[in-house]
Every structure is written in C-alpha cells, then in structure tokens.
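Single-letter residue listing:
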Amino acid sequence: MKVCFLNPPRFQEKITDEFIISYNVSRFRRGVDISYDVIPPSELALLAAVVAKKHKVEILDANALGMLHREVCEWIRKQKPDYLVIKGGDTTLTDDIIFYEYAEGLGIKAIFWEDILNPYYSKRLMKDFNIKRLLYGEPEKNIFRFLNGETGLIGGGVIENLDSLPTPLINKLPMDKYKRMGKKCWYAFLQRGCRWGKCTFCLVGHENLRLRMRSPSHIKKELDKVKKAGVEHIFFWGPELNVNEKRVYEICNLMKKYDFTWECWMRVDCVNEKILRTMKNTGCIRLSFGVENGDQRVLDSYNKGITVEQIKRTFKFSRKVGIDTIAFCIMGTPYETKESFNKTIKLLKEIKPTLIAPALYRPFPNVALTKFAKKKGLILRDFYDSALFCDCTGYQLSARTMKLNEDELLKYSNKIRKLGTMRAYRKFLFRPNKEILLQFFLRYLRNKKKRYNTSLN
C-alpha cells in the first residue's frame, strides 16, 4: 500500500489589494506559527518513518518548495496513493482542507491531521468539511487504525517509550531548503509533555501529558543522520530543555561531539550562569524564554510558576555569557491592565532581549484560561471561527480583558510590538545580512498593516 504525506504550501497574507506576502509556516503540535525561516516538518517526517516500516511512503513538503496549490494537486494526482496524510493547522485550516477535499474527490482516502482544534471542535470540523478521517494527538499508533480501514475521529495515543520511535525520514525531504539565520537547520524534539504542565493558557497543560524524554543515545542517532545531510544548526523544539540540571548537561555533553550551532526553549526557573556557560561552550547561540508578562500578578493569574526576579536574573546571565535571547510575551490575558502593560514594557527594556516576540492572547479551546474568559464574557470571537478566517496568528484580537476595552488593548499591545520592531532593527544594524533584512522587512510590513487593522469588523 502507498501512503503519501503532505506538508501543505505556504501561507499567503494580503497586505494591500496589490501586495501579497507568502510566509512559511511550522505546523507543529503546539500550533501553526507563521515564520520567517523555512522550517522542516519534523513531526510529519517522523510519522512517515513509522509508516514506512510497513508501507511504501512518499513525502511532499510543499511549504519548503514554495509550490502553488495547483502544483500540489498535480503531485497528488500523479502519485495516486491509497492514503494521503495532510498536516493541517489552525492558522492555515481553510487552505489545508482544500487538499483533503481534492484527494477525496479523486477517490484517494485522505487523513486530516490537526491538533489544536481537536478534539473540542471535532464535530464542527467534520460536519463543515465532510471529513471522514480526522487525526489528532500523538499519531504513531493511531495512524494504523485508519490505514486498516477505520473512519471517524481518532486521537490521543501516548507513546510511553520515545526511544521506540525511528528517526525522521529525512531522505524524503528537501534538506537544503531548511534555513535558520542563513544556516541549514533541523528541528529536533527532545521530549513530549512538560515538566511544569500547569500554565492555564497552554494546550500542553490542558492535555496533562506526562513528561517523557528521549535518551541521549536516541537523539544522537538523529543528529548523526542530519549531520550527514549537511545540517549546520539544530533547534531543540519543545517546552523546555532544562527539565533539570542533569538533563541540560546530558544534552551539552552530546553536543560536544558535533560542530553544530544550536538553540532551544527554556524556562527561567531552572537556570544559572554555570549552565548557560556550559551551553555556550558547546555551541548554543540562542535561547527562547516564555517571559509572558512583567507583572507578577498577571504571571500568577495563569499559573506560570515563575517570578519577575527569575526573568531578570536569567536574562542577566544570558547577556553575561553571550547567548542571544528571544522573549515571548502574551498580551491581553483577562487580568491585563494598563499597569501590567507598562510593567511589561519596563521589564523588556531592562532585560534587553535580542528579539521580542509578542502575541495577543489566543483563547485555545478548552484550556483553563479560556474557560475563565468565557465565564466572564471576555471572548470576542470563537477560536474555531478564527481558524476559518486564518486569524489565529496572535495578531488578531480575539478577547478583551476585565479592565481594558478593545481600543485600549490594541493601543498598549502596539507599544510592545513597536518595541520589538525597534530591537529587530537594531539587530540588523549591528549584524547586517540578507536573512535578517528579509525578516525585518516582512515583519515591518506585517506590523504596519496590523496596527491599523487588528480590531474585529
């Protein structure tokens, strides 16, 4: 049996009636992020490797290849697979669904794999688009239920031993296309689940997934494979590399064996100067932190489990060691006020991250913070409706706060966006290259458009 896997084409956004930008997207389980680099579909390649043990497999990363929709349709028609697995997402939903409908129209059994909307909106999704096979969760076991003839909604499925999984099927991917900061890159997953797992805004916390980690020897098999493919940079994508100090040093000892540069996500509550210096000495060049907010009261309101002082200390250590940082911020959660916005701006100026990545609060389905916001009447637009209009990117206003109206919320969120744009511009001045210039140009156009068009019509 032949099974094809599709990472759909790039996301297009109309800036003006005459000007349309094509963005890359990363369709990971955490959500579909619009990105400025070409990101490999690591999860899709892993699932393809699992299926390849029993069936003939092909992968098309139309996102990386910049393919048009009609070109993808032609590929599907020529391949004539028994099954087509499509990796969909909340931000690209209506574009991705097109390929499900096309395949089914040709008599090909299509499987739509989407994690963010499911299972909360599954019935609506299946009814609105007449979907016969809808997959969510950890798919490596459940995919075979579809391949054995089942239909309907199939999800969940926890892989207890991650070392039992194969390495991703990278020989079916255009590895030369994946770039980050001008280097050939690969996104590797160290774990599933989260040590903390209690943030009320987060889908991982809602799923209550037990933390499971890959062993260093299992990770090494993947790194050896991508090294042979010419990869120069590794992004360890996941909620936190620093599950504990021992884990950090295990990864650092592993990275000593390679000449990769690398980066990762970390929490600020398990960081010290020694850890960061060790990471720096093994090739780590950038860290992403969930700063979220500069007001301790707001941080506590969604059970982040960190303090403002920990944020300050971690960024101080990072600057001292010489590792770049990205500060991710959530704007407009229910307890947000003018004072909290001002505290966030003050904190960002003090900690001096290399880049700021702000996003308006996205009320993910069925998580604790969304339930609270609904109870208080703060939700302006259902998340499913946002997905239908591709408005789940963190630029669109989906909820208001208990203290701020829509105009005030947009006013203060735009201040943080402008601060982020200013820091990105400074980075370009000190480190000019084509990749940074392109990212800054696209971000500038996007922000300029959104500042005047973020409120609901």
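In this text the structure is predicted, and so the values were computed from the model without any measurement.

Q: Would you mind going over empty space enclosed by the protein with me for this structure?
A: Over the atoms a probe the size of a water molecule is rolled, and this reveals where empty space is left. The full count for this structure, using the stated rule, is three cavities of 30 Å³ or more. When its volume is computed, the largest cavity comes out at roughly 440 Å³. What lines the largest cavity is a set of 27 residues, among which R29, E43, F189, Q191 and R192 lie closest to the centre. Counting residues per element, the ones that place at least two in the lining of the largest cavity are α1 (42-51), β12 (191-192), α7 (203-207) and α8 (216-228). Class assignment for the residues of the lining of the largest cavity results in 13 nonpolar, six polar and eight charged. The computed volume of the second largest cavity comes to approximately 60 Å³. Forming the boundary of the second largest cavity are N7, V25, S26, R27, F28, I39, P40, P41, S42, E43, L44 and K87. For the lining of the second largest cavity, the secondary-structure elements that each account for two or more residues are β3 (20-28) and α1. Ranked by residues supplied to the lining of the second largest cavity, first place goes to β3 with four residues.

Q: How should I be thinking about helix α9 (residues 245-255) in this particular structure?
A: Given 3.6 residues per helical turn, the α-helix brings residues three or four places apart onto the same face. Along α9, the residues classified as buried are R247, V248, I251, C252, L254 and M255. All buried residues of α9 fall inside an arc of 160 degrees around its axis, so they share one side. Close packing links the buried residues of α9 with β13 (212-213), α8, β14 (233-236), β15 (261-266) and α10 (273-281). The distance from a side-chain oxygen at the start of α9 to the backbone nitrogen of K246 is 3.2 Å, and the residue carrying that oxygen is N244.

Here is what the cut-offs are and how they apply
- Residues numbered from 1 in each chain as written.
- Predicted model: local features only at pLDDT ≥ 70, side-chain atom pairs only at ≥ 80, totals over all residues.
- Heavy atoms only, no water.
- 1 Å grid on protein atoms, 1.4 Å probe; cavity = no way out; pocket = protein on both sides within 12 Å on 5 of 7 lines; lining within 4 Å.
- Points joined across faces, edges and corners; volume = space filled by probe spheres on them.
- Helix = DSSP H or I, 4+ residues; strand = E, 2+ residues; numbered from the N terminus.
- Nonpolar A, V, L, I, M, F, W, Y, C, P; charged D, E, K, R; others polar.
- Buried < 20%, exposed > 50% of the residue type's maximum accessible area, 1.4 Å probe, protein only.
- Arc of directions from axis to C-beta.
- Contact = heavy atoms within 4.5 Å.
- Polar contact = N/O pair within 3.5 Å; in protein donor to acceptor, adjacent residues only side chain to side chain.

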